[in-house]
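# Geometric and topological summary
These are the residues of each chain, in order.
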Amino acid sequence: MADTNKLPTVPTHSPRALWRIGRGRSGGSLGCAVIAQHAIGVGHKVLVADGDINNPMLSRLYPPEGAHGVGRPKNATLETCKVWLADTLALALKQNASVVIDMGGGDRISEELAAESDLGHFLAASNLTPTYAYFTGPERDDFEHMHRIWAGGAFQGGTSLLFLNAGLQRNTSRTENPFAWLRQDPRMTEMTKAGVIPIDMPALTCMKYIEEEGLSVFEAIANKTGQSGRPLNPLWVHMAQKWLKDFTTNLTKEGADEWMP
């Protein structure tokens, strides 16, 4: 007979270090923000480390004084970022927390840090499994830039994700799949055969109207008032809410429960 007084088993989640990789303005910070919000929402202990000197979006959403924020590096030099990364990882290990790391579009700094520190092996040995999140738009130069980094091998071990950000489409026509060419490209086939998980990141076509009001996408979703003092247009609110739902669905479909921080 079953013991009805026995408490249910609470599933455990192994801490992860998610590292954003990609050019500036590739949607990486926004993608990291959604992943962090989703992980926090399901009860994971997560730190959000904003090392992007040019775009402090994550630190505005998760300020250093908050429960999930950490301090930012004072500048973008390799030595400063190296010390900042070491301190951030030490804090995550001390708290047994996952960490989302956004170094911004400074791929040179990210690659040098990863290669010099033997990052993947350190994280694995520290039981902080790495998740590498690559971001690209549908333009060929975007993908070639990202593929060069992946092929360089600086980011090893763990899980590698490739976010296909449809919002970076330069062609205003939305009737065709902007990534159709990429799914036929041998380099994409090479990546998926190596275990890289492609994830569709929908276009948030009303983002410029949200930003004009000085709002984040999450503030728009919550129907916050912008800097004009007027409520945000209900259509932009609806579009932002649908975008988050669709993106989160894509994350879940591609196994987010396994690789999420």
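Residues numbered from 1 in each chain as written. Predicted model: local features only at pLDDT ≥ 70, side-chain atom pairs only at ≥ 80, totals over all residues. Heavy atoms only, no water.

The chain has the name CobQ/CobB/MinD/ParA nucleotide binding domain-containing protein in an unreviewed UniProt entry, where Acetobacter lovaniensis is given as its organism.

Let us now look at the sheet that holds strand β2 (residues 46-50). Here we have six strands laid out as an open sheet, ordered β2-β3-β1-β4-β5-β6, and parallel in their pairing. The open sheet is flanked by β2 and β6 (197-201), the only strands paired with a single partner. Each strand axis lies, on average, 20° off the axis of its neighbour in the sheet, ignoring direction. Relative to strand β3 (residues 98-102), β2 is paired through five bridges, and the arrangement is parallel. (Pairing = 2+ DSSP bridges. Helix = DSSP H or I, 4+ residues; strand = E, 2+ residues; numbered from the N terminus. Axes fitted to C-alpha atoms, helices over the stretch in contact; angles between N-to-C directions.)

The next subject is the pattern of salt bridges. Applying the stated criterion across every chain yields a total of seven salt bridges. D102 serves as the salt-bridge partner of R20, at 2.8 Å between the closest nitrogen and oxygen. Of this pair, R20 sits in strand β1 (residues 16-21) while D102 is found in strand β3, placing the two residues 82 residues apart along the sequence. When the shortest N-O distance is used, the salt bridge between K82 and E79 registers 3.3 Å. Placement of the pair is K82 and E79 together in helix α3 (residues 78-95), with a separation of three residues, close to one helical turn. Assessed through its relative accessible area of 49%, E79 is described here as partly exposed. (Salt bridge = Lys/Arg side-chain N within 4 Å of Asp/Glu carboxyl O. Buried < 20%, exposed > 50% of the residue type's maximum accessible area, 1.4 Å probe, protein only.)

This brings us to the nonpolar core. In this structure, F163, I210, V217, W243, F247, L251 and W259 are the most contacted members of the largest nonpolar core, which totals 40 residues. In contact with F163, not counting residues within four places along its chain, are I35, A133, Y134, F135, T136, I199, F247, L251 and W259. If you look at the next biggest cluster of nonpolar residues, it comprises 38 residues, including W84, L85, L113 and Y132. (Core = buried A, V, L, I, M, F, W, Y, C linked by side-chain atoms within 4.5 Å. Contact = heavy atoms within 4.5 Å.)

The next point concerns the domain arrangement of the chain. Taken domain by domain, the chain consists of domain 1 (16-203) and domain 2 (206-256). A separation of 21 Å is found between the C-alpha centroids of domain 1 and domain 2. Contact with domain 1, which involves 16 residues of that partner, is made by 12 residues of domain 2. Summing the contributions of domain 1 and of domain 2, the shared interface buries around 1300 Å²; its carbon and sulfur component is 77%. Considering only the side of domain 1, the residues that lose the most area to domain 2 are V34, H38 and P202, jointly responsible for 35% of the buried surface there. Taken together, the links from domain 1 to domain 2 amount to two residue pairs in polar contact (both at pLDDT 80 or more). Secondary structure elements with two or more residues in the side of domain 1 that touches domain 2: α1 (28-41) and β6. For the side of domain 1 that touches domain 2, the element with the most residues is α1, which contributes seven residues. Its residues assigned to classes, the side of domain 1 that touches domain 2 shows 12 nonpolar, three polar and one charged. (Domains from an automatic or database assignment. Buried area = accessible area lost by both parts, 1.4 Å probe. Polar contact = N/O pair within 3.5 Å; in protein donor to acceptor, adjacent residues only side chain to side chain. Nonpolar A, V, L, I, M, F, W, Y, C, P; charged D, E, K, R; others polar.)

Here the structure, examined in full by the defined rule, presents two cavities of 30 Å³ or more. Size it by volume and the largest cavity reaches roughly 40 Å³. Contributing to the lining of the largest cavity are G22, R23, S26, F135, T136, G137, D142, H145 and M146. Counting only elements with at least two residues in the lining of the largest cavity, the list comes to β4 (129-136) and α6 (140-152). (1 Å grid on protein atoms, 1.4 Å probe; cavity = no way out; pocket = protein on both sides within 12 Å on 5 of 7 lines; lining within 4 Å. Points joined across faces, edges and corners; volume = space filled by probe spheres on them.)

All right, on to the packing of α6 against helix α7 (residues 186-193) then. At a closest axis distance of 11 Å, the pairing of α6 and α7 adopts a crossing angle of 40°. One element, α6, and the other, α7, form an angle in the oblique class. The two elements α6 and α7 meet at a crossing, and its hand is left-handed. Counting all contacts with α6, which are made through F143, E144, M146, H147 and W150, the residues of α7 involved are R187, M188, E190 and M191. Looking at the contact of α6 with α7 residue by residue, the classes come out as five nonpolar, one polar and three charged. (Parallel < 35°, antiparallel > 145°, perpendicular 65-115°, else oblique. Left-handed = near helix turned anticlockwise from the far one by under 90°.)

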